[in-house]
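Here is how the chains run, residue by residue.
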Amino acid sequence: MIDFNLSDNDKKMLDYVRTEALVARKYARYYDENEAEFPPEALDEADDYPGAWSMMAGRTSEDSGQSVIGMLITMAENWGDYSVRMRKGRGVGLGNAALGASGTEEQRTKWGGLLLSMAITEPGCGSDPSLVQTTAVLDEETNEWVLNGEKIFVTTGCRSDGVVMWATLDRSAGRAGIKSFLVEKGAPGFQVSHKEKKLGIRADDTATYVFTDCRIPRENLLGGKEEIPKAGSGGFRGVMKTFNMTRPMTAAFGLGMSKASLDFTREQLEGAGIDLSYGADVHGLSAAAAKFQSLEALQEAAELTVLHAAYLSDQGEPNNLEASISKAKGGSAVRTITQGCIELLGPMGASREHLLEKWFRDVRITDIYEGTGQIQNLIIARTILEYDRSQLS
Amino acid sequence: MISFGLTEEQEVVREAMREFAVDIFREAARDADEESALPADVLNTVWELGLTSTQLPESVGGGGEARSPITNAIILEELAFGDPAMAIAATAPSLFAFAINDFGTDDQKQAHLPRFCGDKFAAATVAVAEPSPVFDVANLQTTAQAKGDGFVLSGRKHFVVLGDRAEQFLVLARTEQATGTGLDAIDAFIVPRDAAGLTISEVEKNLGMKALPTVALTLEQVELPAEARLGGSDGIDGARLIAQMRTASAALRVGVSRAVKEYAIPYAKDRHAFGEAIAQKQAIAFTLSDMEIEVNSMRWLTWKAAAALESLEDATQPALFASTYTARECMKIADNGLQVLGGHGFIREHPVELWYRAARTLTVLDAVAAV
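For clarity, every value in this text was computed on a predicted model and none was experimentally measured.

(A) Highlighting the overall build of chain A. Within chain A, the secondary structure is distributed over 11 helices and 7 strands. For 393 residues, the compact-globule estimate of 2.2 N^0.38 gives 21 Å, and chain A sits close to it at 21 Å. In terms of overall dimensions, chain A has a C-alpha envelope of 75 × 50 × 45 Å along the principal axes. Out of the 393 residues in chain A, the part that is buried amounts to 57%. Put simply, of all contacts in chain A between residues at least 6 apart along the chain, 73% involve residues at least 24 apart. Here chain A has roughly 15,900 Å² of accessible surface; of this, 50% comes from carbon and sulfur atoms.

As C-alpha cells, then:
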C-alpha cells in the first residue's frame, strides 16, 4: 500500500541522526578551511549517540525497509555535514554500499564494520570502465591476487580502513574481465600516494592509490565469482549492480546538503519577514516565495526518486533504471537548489560566515562521481529505448 | 512505513483503466478535438466504470468503498493517458459528488448523492476559476453575503467543466463573515442550474482539450437558502478541497506527460537521419531520458499528496508541490515531445500537438478534477 508516513521507529532513528548531525555541523567550517587536517575519529559531544546504524536491529515490518531508512539516515547525516559524518568504525563509505550489494555473506560479516572507500577511476579512465588498466593476476601457489595499477579520485581514500577496487583479470575481455576486490589498508604493495585539493567536500579526503605487486587473499574477490563471463552475457552487470545502491546513496548525500541549504534559506527569508506559507496560488506569492517553493518541490521530487529506488531494492525488485533516475535527478536538483538559495539570499549567501556557500561547493560533486549525470542519462535512455551500448553510446 | 507499492486492487484498477483509456478515449480523441465535442455516449460508457459511485456510501446507494485519493490519482493518470479532455469530462461528477460526500451535512448527502449512484451519467460540476489575470484561489472575488437565513451570491466564474449540461454547480465563494483571505476562507454553495440570477454562457472556445465543454457563469444576486452552503454552518475545509483538486490536476498531468513520452519513443526509434535512428543521437536520447526522469518525479509527488489526503493530514503543502511541479514539467515534456517529432509534431495527424495544447491548458488549471 502506498504510504509516505514514517513509523515511530523510523522517526526515532532519524531524530537521533539529526541530533548527532548537528554536532558534526559544528566542525564543518573548521575542516573545510583546514583541508590538510582530518576530522577527529570521535566527537566528544556525540559520544552519547549510539549511531543510527547500530539501531537497525529490532526493526519490524511496520517500519520502512532497510534501504529506504538507510537513504533517509544518509540524508539526515549529510544535512549535518557531509564530511565530518564520515568517521571510523562506521560502514558508511561507498565501498560499504558495494559490499552490501555484491558481497558474500562471509565478506559482509568480515568487512561490514570497516569504513570502505571505492576505487574505480584511473588517470586514463573515468566514465568508461571498460578502459580499466589495473590488473589482478591470481597466484595459484599462494592463493593470492596480485594487483598492479593506479586509482585516482578515491573518496574518503585516506581515512578508509579498506577499499573496494576494480581491476581486470583480462584486458582483452573488456568490461567482462573487470572484478571488484576488497583490499585492506596495510596490504603489501598498497600505497596511498596523494591527497587532492578540491572545490568542496574538502574534509572528506580524496586520494590516489598505487598498487605495486599488491598481494591480497584469494577470498577477497567481491562476490567470489572468479570466472570471466562471455562477452555479452551480462556478467559485467554483476559489477555494475553495486551502483544500484551507491547511486541513490550518492544522490542522498547531496540531497541532505541541499535540504540544509533550504532550511537555512527559509530561516533567513522568514526572519526578514517574507511569507513562505503554502496557501496561495502563484499569483499570490512574492517572487522570493515562488522561487523558494519551486526549489522545495524540486527537493521533494528528487528525494522521492531516491526513496523509490531504495524501496525497489528492499522488495528485491530490479532497480537499475530507478537508481540512475535518482542519481540524475538528485545530481541536477542539488545544483539548482543550492545555486537558487544563494540567489535568494544575495551577497549574504555568498559569505563564508554561513555554511550555505560551503553546501553550494560541497554538492557540486553529486552530479559527477558515481557516474556523471550524462552517464545516468545514457543508462536511462538505453533502458527506455531498449538499446544496447552499440546502438547508443 | 514508506512504500510505493500498489495494493492488488489498485493494480487491477490501473490495468483496467489503462486499457479503457487507450481503447475508448485515445481512439476517439482526435475526432473529438476536431469537432470540439465529446463523442456521443462516451460519458455513459465511462459511467459504467462506477468512478463516482464506487466510493460513495451505501446509505445513498453507492458502492461503500473507502474514499481513496491514492486510487483516484492512479485512475486519473491512466484516463488522462488516454485523453485528458475526456478524463476530465468523465470525472466531473466526482468533483461535485466527492465534495458533497467529504464536506456535506447528512441532509446534503441524502439530498444530492443518490443521483450519482444511478445507471445514467449524472452531470454536475464545481465552479472555481474566475476570469482575471490575477486569479488566486486563496483570494476569491465571488462573494456570498448573508441574507436572512440564506445567502446571496455575486461574481463570475469561467472554465466550468461540463457546465453546458451540469444540473448543479458547486460554486466556490468567500463569505463576508470570513475574515481576510486564504484557503480557509473558501466556502462552497450548491447552486441549481435554474437558479434565478445565474447566467450560463455558451460553450467557451479554448486552446486545448477542445472536446471538453466549459462555460462561464455570471452570478447576479443569486439568492440561496441556508442549506445551499456546503457543510452547513461549519462550512467546509477549503484547504482540503483545494488540495484534492490540485492533486487531481497533478495526476492528469502525469498521464498527459506519459502519453507524450510513450509516443515520442517509438517515433524516435523509427525516424532515421544521417544513417541511424534519431533516438541513437544523444540530443534526442537525453531529451527522452529526461522525460522518463520527470514522469517519475511527477508521479511520486502526486502520490505523496494523495497519500497525505488519504491519511487525512493537512495536504496543503504536498498538493501545492505536486501541482506547481507537474504544471511546469508537463508543459516542458509536451514541448520537448513536439520537438522530437519535428515538423510532424506540428501536424495534426499526430496527437502530440493536441497534447501540447492540452498541456498548456491543463497546466494553468488546478480545479478540473478531484481525487
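(B) Summary view of the packing of helix α7 (residues 243-271) of chain A against helix α8 (residues 287-314) of chain A. All names here are of chain A. Across the interface, α7 lies against α8 with an axial gap of 10 Å and an inter-helix angle of 155 degrees. One way to sum up the angle between α7 and α8 is to call them roughly antiparallel. α7 and α8 meet at a crossing whose hand is left-handed. Of α8, the residues touching α7 (which contributes M245, P248, A251, A252, L255, S258, K259, L262, T265, R266 and L269) are F292, L295, E296, Q299, A302, E303, V306, A309 and S313. Class assignment for the residues of the contact of α7 with α8 results in 12 nonpolar, 4 polar and 4 charged.

(C) Spatial organisation of the domain arrangement of chain A. All names here are of chain A. We note that the domain assignment places domain 1 (8-93 + 105-111), domain 2 (116-232) and domain 3 (242-385) within chain A. Summarising the inter-unit geometry, the C-alpha centres of domain 2 and domain 3 are found 31 Å apart. Summed over both sides, the interface of domain 2 with domain 3 buries roughly 780 Å², with 70% coming from carbon and sulfur. Among the residues of domain 2 in contact with domain 3, S127, L199 and I201 are the three that bury the most area, contributing 53% of the side total. At the junction of domain 2 and domain 3, the tally comes to 0 salt bridges. Where domain 2 meets domain 3, there are 2 residue pairs in polar contact (both at pLDDT 80 or more). Among the residues forming the side of domain 2 that touches domain 3, the class breakdown is 5 nonpolar, 3 polar and 1 charged.

(D) Inspection of the interface of chain A and chain B at higher detail. With 48 residues of chain A at the interface, the matching set in chain B holds 49 residues. Between chain A and chain B, roughly 4,300 Å² of surface is buried when both sides are summed, and carbon and sulfur atoms account for 65% of that area. The three residues of chain A that bury the most area against chain B are I2, F4 and Y278 of chain A, which together make up 17% of that side's buried surface. Between chain A and chain B we count 2 salt bridges in total. The partner of E294 of chain B in a salt bridge is K329 of chain A, and the shortest N-O contact between them spans 2.6 Å.

(E) Region of the structure containing the nonpolar core. Within the largest apolar cluster, 210 residues are counted, with the highest numbers of intra-cluster contacts made by L385 of chain A together with L288 of chain B. Per-element tally for this core: the top contributor is helix α6 (residues 238-270) of chain B, with 17 residues. Ignoring anything within four residues of it in the chain, the contact list for L288 of chain B reads I384 and L385 of chain A together with A264, I265, A268 and V340 of chain B. F151, F169, L198 and L219 of chain B belong to the second largest nonpolar core, which has 19 residues in total.

(F) Spotlight on the environment of P93 of chain B. Residues and elements named next belong to chain B. By the secondary structure assignment, P93 is in helix α4 (residues 84-103). C-alpha separation for the pair P93 and W47, spaced 46 residues apart in sequence, amounts to 9.9 Å. Those residues within four positions of P93 in sequence are excluded, and the remaining contacts are W47, T52, F116, F121, A122 and A124.

(G) Region of interest: the side chain of S3 of chain B. In this fold, S3 of chain B is placed in the segment before α1 (8-35). You can call S3 of chain B buried: its relative accessible area is 6%. Among all residues touching S3 of chain B, those that are not within four sequence positions of it are M1, I2, D3 and Y311 of chain A.

(H) Structural context of a negative patch on the surface. Taken together, the side chains of E15, E19, D23 and E27 of chain B present a region of like negative charge at the surface. Residue classification places E27 of chain B among the exposed residues on the basis of a relative accessible area of 65%.

(I) Examining the domain arrangement of chain B more closely. Residue and element names in this part refer to chain B. Domain boundaries assigned for chain B yield domain 1 (8-122), domain 2 (126-234) and domain 3 (238-362). Placing the centre of domain 1 and that of domain 2 at their C-alpha centroids yields a distance of 22 Å. With 22 residues of domain 1 at the contact, the number on the domain 2 side is 20 residues. Summed over both sides, the interface between domain 1 and domain 2 buries roughly 1,800 Å², with carbon and sulfur atoms accounting for 69% of that surface. Among the residues domain 1 hides against domain 2, the three largest losses belong to F96, Q108 and R115. Together they make up 27% of the total. Joining domain 1 to domain 2, the criterion identifies 2 salt bridges. A salt bridge links K210 to D33, with the nearest nitrogen and oxygen atoms 4.0 Å apart. Across the domain 1-domain 2 interface, the total number found is 8 residue pairs in polar contact (both at pLDDT 80 or more). Within the residue set of the side of domain 1 that touches domain 2, elements represented by two or more residues are α1, α4 and α5 (106-112). At 10 residues, α4 tops the list of elements feeding residues into the side of domain 1 that touches domain 2.

(J) Molecular detail of the pattern of salt bridges. According to the stated counting rule, one finds 48 salt bridges over all chains in the structure shown. For the salt bridge of K259 of chain A with D263 of chain A, the shortest nitrogen-to-oxygen distance reads 2.9 Å. Here D263 of chain A and K259 of chain A lie together in helix α7, a separation of 4 residues that amounts to about one turn. Overall, the relative accessible area of 28% leaves D263 of chain A in the partly exposed class. A salt bridge links E34 of chain B to R30 of chain B, with the shortest nitrogen-to-oxygen separation between them at 3.3 Å. Placement of both E34 of chain B and R30 of chain B in helix α1 is noted, with a separation of 4 residues, approximately one turn of the helix. For E34 of chain B, a relative accessible area of 38% puts it in the partly exposed group.

(K) Expanded view of the confidence of the model for chain A. Per-residue confidence for chain A averages 90 on the pLDDT scale, and 93% of its residues sit at or above 70. Per-element confidence in chain A is highest for helix α9 (residues 320-345) of chain A, whose mean pLDDT is 98, and lowest for helix α6 (residues 236-240) of chain A, whose mean pLDDT is 63.

(L) Up close: the pairing of strand β3 (residues 150-161) of chain B. Residues and elements named next belong to chain B. Of all 12 residues that make up β3, 9 are buried, and the element is covered over most of its length. Pairing geometry for strand β2 (residues 143-147) and β3, over 5 bridges, is antiparallel. Opposite A144, over in β3, you have L153 as the bridge partner. Pairing of β3 with strand β7 (residues 214-224) involves 8 bridges; the strand directions are antiparallel.

(M) Here's a closer look at the packing of aromatic side chains. Under the criterion given, the structure shown has 17 aromatic pairs over all chains. Relative to Y209 of chain A, the ring of F190 of chain A lies with its centre 4.8 Å away and its plane at 80 degrees, an arrangement referred to as edge-to-face. One end of the pair, F190 of chain A, is in strand β6 (residues 190-195); the other, Y209 of chain A, is in strand β7 (residues 206-217), with 19 residues separating them in the sequence. No difference in accessibility class separates F190 of chain A from Y209 of chain A, as the two residues are buried. Connected via pairs of aromatic rings, a cluster forms that spans F4 and Y311 of chain A together with F4, W300 and W303 of chain B. Here R258 of chain B stacks its cationic end above the ring of F81 of chain B, 4.1 Å away from the centre of that ring.

(N) Main features of α1 of chain B. All names here are of chain B. Under the 1.5 Å per step criterion, the end-to-end length of α1 is 39 Å for 28 residues, consistent within 8% with the ideal 40 Å. Maximum bend of α1: about 50 degrees, positioned at A29. Buried residues of α1: Q10, M17, F20, A21, F25, A29, R30, A32 and D33, and no others. The inward-facing, buried residues of α1 contact α2 (42-47), α3 (69-82), α4 and α10 (352-362). Looking one or two places after α1, you find S36, whose phi comes out positive at around 50 degrees.

Thresholds applied
- The residue numbers shown here count from 1 along each chain, following its written sequence.
- Both sets of labels track the order of writing: A upward for chains, 1 upward for ligands.
- Thresholds applied to this predicted model are a pLDDT of at least 70 for local features of residues and 80 or more for the giving and counting of side-chain atom pairs; totals over whole chains, interfaces and linings are not thresholded and use all residues.
- Excluded from the side-chain calculation are hydrogens and water; included are all heavy atoms of the structure.
- Under the DSSP-based scheme used, a helix requires at least four consecutive residues in state H or I and a strand at least two consecutive residues in state E, with every element numbered from the N terminus.
- Atoms considered for the radius of gyration are the C-alpha atoms alone. The globule rule reads 2.2 Å times the number of residues to the power 0.38.
- For the exposure calls, accessible area comes from a 1.4 Å probe over protein chains only, and a residue counts as buried if that area is under 20% of its type's maximum, exposed if over 50%, partly exposed in between.
- Contact criterion: two residues are considered in contact whenever any of their non-hydrogen atoms come within 4.5 Å of each other.
- The method behind every accessible area is Shrake-Rupley, applied with a 1.4 Å probe, and residues are considered shielded solely by the protein chains displayed.
- Each axis is a line fitted through C-alpha atoms, and for a helix only the stretch in contact is used; angles between axes span 0 to 180 degrees, taken between their N-to-C directions.
- Here roughly perpendicular refers to angles of 65 to 115 degrees, roughly parallel to angles under 35, roughly antiparallel to angles over 145, and oblique to all remaining angles.
- Crossing handedness is defined as follows: a turn of the near helix away from the far one that is anticlockwise and smaller than a right angle gives a left-handed crossing, while the clockwise case is right-handed.
- Classification convention: Asp, Glu, Lys, Arg as charged; Ala, Val, Leu, Ile, Met, Phe, Trp, Tyr, Cys, Pro as nonpolar; all other residues, Gly among them, as polar.
- These domain boundaries are the output of an automatic or database domain assignment.
- The term buried area means the drop in 1.4 Å probe accessible area that two parts suffer when joined, counted for both and summed.
- Salt bridge, as used here, is a side-chain nitrogen of Lys or Arg placed within 4 Å of a carboxyl oxygen of Asp or Glu.
- For the purposes of these results, a polar contact is taken to be a pair of N or O atoms within 3.5 Å, where, inside protein, one atom must be able to donate a hydrogen and its partner to accept one; residues adjacent in sequence count only when each atom of the pair is a side-chain atom.
- We call a set of buried Ala, Val, Leu, Ile, Met, Phe, Trp, Tyr and Cys residues a nonpolar core when their side-chain atoms join them within 4.5 Å.
- A residue counts toward a patch only above 30% relative accessible area and without a salt bridge, and it is joined to like-charged neighbours within 9 Å or, for Val, Leu, Ile, Met, Phe, Trp and Tyr, to nonpolar neighbours within 5 Å.
- Charge convention: Lys and Arg are scored as positive, Asp and Glu as negative, and His as well as the terminal groups of each chain are ignored.
- Taken as the charge location is NZ of Lys, CZ of Arg, CG of Asp or CD of Glu.
- pLDDT measures how confident the predictor is about each residue, on a scale from 0 to 100.
- Should DSSP find at least two bridges between two strands, the strands are regarded as paired.
- Two rings from Phe, Tyr or Trp (for Trp, the six-membered ring) form a pair when their centres are within 6.5 Å of each other. A pair whose planes differ by under 30 degrees is stacked, one over 60 is edge-to-face, and the rest are tilted.
- Only when the NZ of Lys or the CZ of Arg is both within 6 Å of the ring centre and within 35 degrees of the ring normal is a charge said to sit over the ring.
- Between the first and last residue of a helix there are one fewer steps than residues, each counted as 1.5 Å, and that sum is the expected span.
- Throughout, the bend at a residue refers to the angle made by two axes, fitted to the seven residues ending there and to the seven starting there.

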